[in-house]
Amino acid sequence: MSDPAAGRRLHVAIIMDGNGRWASGRGLPRTAGHRAGVEAIRRTVEAAPGFGIATLTLFAFSTDNWRRPRGEVDALMALLRRYLRAESDRLARSGVRLSVIGRRDRLPRGLGAEIAQAEMKAAGGDRLHLRIAVDYSSRDAILGAAARCAAGTPPSRESFGRLIAGEAEGAAIDVDLLIRSGGEKRLSDFLLWECAYAELCFSDRMWPDFAAEDLAVAVADYRRRERRFGGLGPVRPPAAVATRASPAAA
Ligand code: FPP
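Residues numbered from 1 in each chain as written. Predicted model: local features only at pLDDT ≥ 70, side-chain atom pairs only at ≥ 80, totals over all residues. Heavy atoms only, no water.

Draft legend 1. How the structure looks around the pattern of salt bridges. With the rule as written, the count across this model stands at 25 salt bridges. Between glutamate 87 and arginine 90 there is a salt bridge; the shortest N-O distance is 3.0 Å. With glutamate 87 and arginine 90 both in helix H3 (residues 70-93) and three residues apart, this pair spans about one turn of that helix. On the basis of relative accessible area, arginine 90 is assigned to the partly exposed category, the value being 38%. Salt-bridge contacts for arginine 205 lead to aspartate 214; the nearest nitrogen and oxygen are separated by 2.9 Å. Taking relative accessible area as the criterion, arginine 205 reaches 40% and is therefore assigned partly exposed. (Salt bridge = Lys/Arg side-chain N within 4 Å of Asp/Glu carboxyl O. Helix = DSSP H or I, 4+ residues; strand = E, 2+ residues; numbered from the N terminus. Buried < 20%, exposed > 50% of the residue type's maximum accessible area, 1.4 Å probe, protein only.)

Draft legend 2. Up close: the site of the ligand. Close contacts around the ligand come from 20 residues, with Asp17, Gly20, Arg21, Arg30 and Arg68 the closest. Within the side chain of arginine 30, a nitrogen or oxygen atom sits 2.8 Å from an oxygen atom of the ligand. When the free accessible area of the ligand is taken as 630 Å², the share hidden by the protein chains comes to 92%. Here the element with the most residues in the shell around the ligand is helix H2 (residues 30-47); it accounts for five residues. (Near = heavy atom within 4 Å. Polar contact = N/O pair within 3.5 Å; in protein donor to acceptor, adjacent residues only side chain to side chain. Areas by Shrake-Rupley, 256 points an atom, 1.4 Å probe, with all protein chains shown as cover.)

Draft legend 3. Layout of the packing of aromatic side chains. If you walk through the whole model with that rule in mind, you get seven aromatic pairs. Ring centres of phenylalanine 59 and tyrosine 136 lie 5.8 Å apart, and the angle between their planes is 85°; on these two criteria the pair is classed as edge-to-face. Taken together, the residues phenylalanine 59 in strand S2 (residues 53-62) and tyrosine 136 in strand S4 (residues 128-136) connect sequence positions 77 residues apart. Assigned by exposure class, phenylalanine 59 and tyrosine 136 land together as buried. For the pair tyrosine 136 and phenylalanine 190, a centre-to-centre distance of 6.0 Å together with 90° between the ring planes defines the contact as edge-to-face. Of this pair, tyrosine 136 sits in strand S4 while phenylalanine 190 sits in the loop between strand S5 (177-180) and strand S6 (199-202), and the two are 54 residues apart along the sequence. When sorted by exposure, tyrosine 136 lands in the same class as phenylalanine 190, which is buried. Ring pairing ties together the aromatic residues Phe59, Tyr136 and Phe190, which thus form one cluster. (Phe/Tyr/Trp six-rings, centres within 6.5 Å; stacked < 30°, edge-to-face > 60°.)

Draft legend 4. Geometry of helix H7 (residues 212-224). The terminal C-alpha atoms of H7 lie 19 Å apart, and with 13 residues this matches the ideal 18 Å at 1.5 Å per residue to within 8%. Those residues of H7 that fall on the buried side of the exposure criterion are Asp214, Leu215, Ala218, Val219, Tyr222 and Arg223. Of the surrounding secondary structure, the elements contacted by the buried residues of H7 are strand S1 (10-15), H2, S2, S5 and S6. (Expected span 1.5 Å × (residues − 1). Contact = heavy atoms within 4.5 Å.)

Draft legend 5. Expanded view of the sheet that holds S1. The six strands are arranged S3-S4-S2-S1-S5-S6 in an open sheet whose pairing can be described as parallel. Each edge of the sheet is formed by a strand with only one pairing partner; in this case those strands are strand S3 (96-101) and S6. Strand-to-strand twist across the sheet, computed as the mean angle between neighbouring axes with direction ignored, equals 20°. In this structure, S1 lies alongside S2, joined through six bridges in parallel fashion. If you follow histidine 11 over to S2, its bridge partner there is threonine 55. (Pairing = 2+ DSSP bridges. Axes fitted to C-alpha atoms, helices over the stretch in contact; angles between N-to-C directions.)

Shown next as structure tokens:
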């Protein structure tokens, strides 16, 4: 293994793409793909701790997704509500801490309160931290952080990361491995700051078909990669390195 931190528990982020194509390929409405996508979420959450994943961040609804037809947006919000209602107790029992990142002020009435309630129920878990990104835009998070520190002293990477993550999350957690299903190869405004040194895995599997084995393959491939963080040999993440105004790494 070339990563000296190979045994370290990971932050894996997933762009769950391909629900619509999965459904269309079967002659089903796109919303059927999203429903099947929820099953893939359940499988992934269950499998994640076994693969050494400490934090799993799932992109459920981007700020740009508001541009989709009203019916699809409503269906996605309803699925989220149902997922929180159905799963929060189970998540709590299985040691999963849940948090939702992104804006809450534009969500359908009552959903913000249900999110807060689910987060409270599943606040104590330490087997896995499941983060669901809803009405999330990484650029907006970065802009918000910049606005909050515009007049003050220049921030360090850590303090700026805290502003990006928001009060509830505390710190920006660097992504170790970013997986995107569905065959496309782009980041789509997801965790841009946190993915500065993420290893990228693009899978052709449509999200509803994504299985524990696909996660296993992605993590095993990640563990074989040499992470240099701009240095010359395999090194640990540069958390302890002085970061304010430090030169850019390559
Ligand atoms: C992208 O596929 C997927 C989404 C925009 C939504 C992801 C949502 C879920 C998996 C279910 C709801 C989430 C929770 C947490 C309950 P796409 O629709 O863009 O697929 P396409 O590229 O094939 O059209």
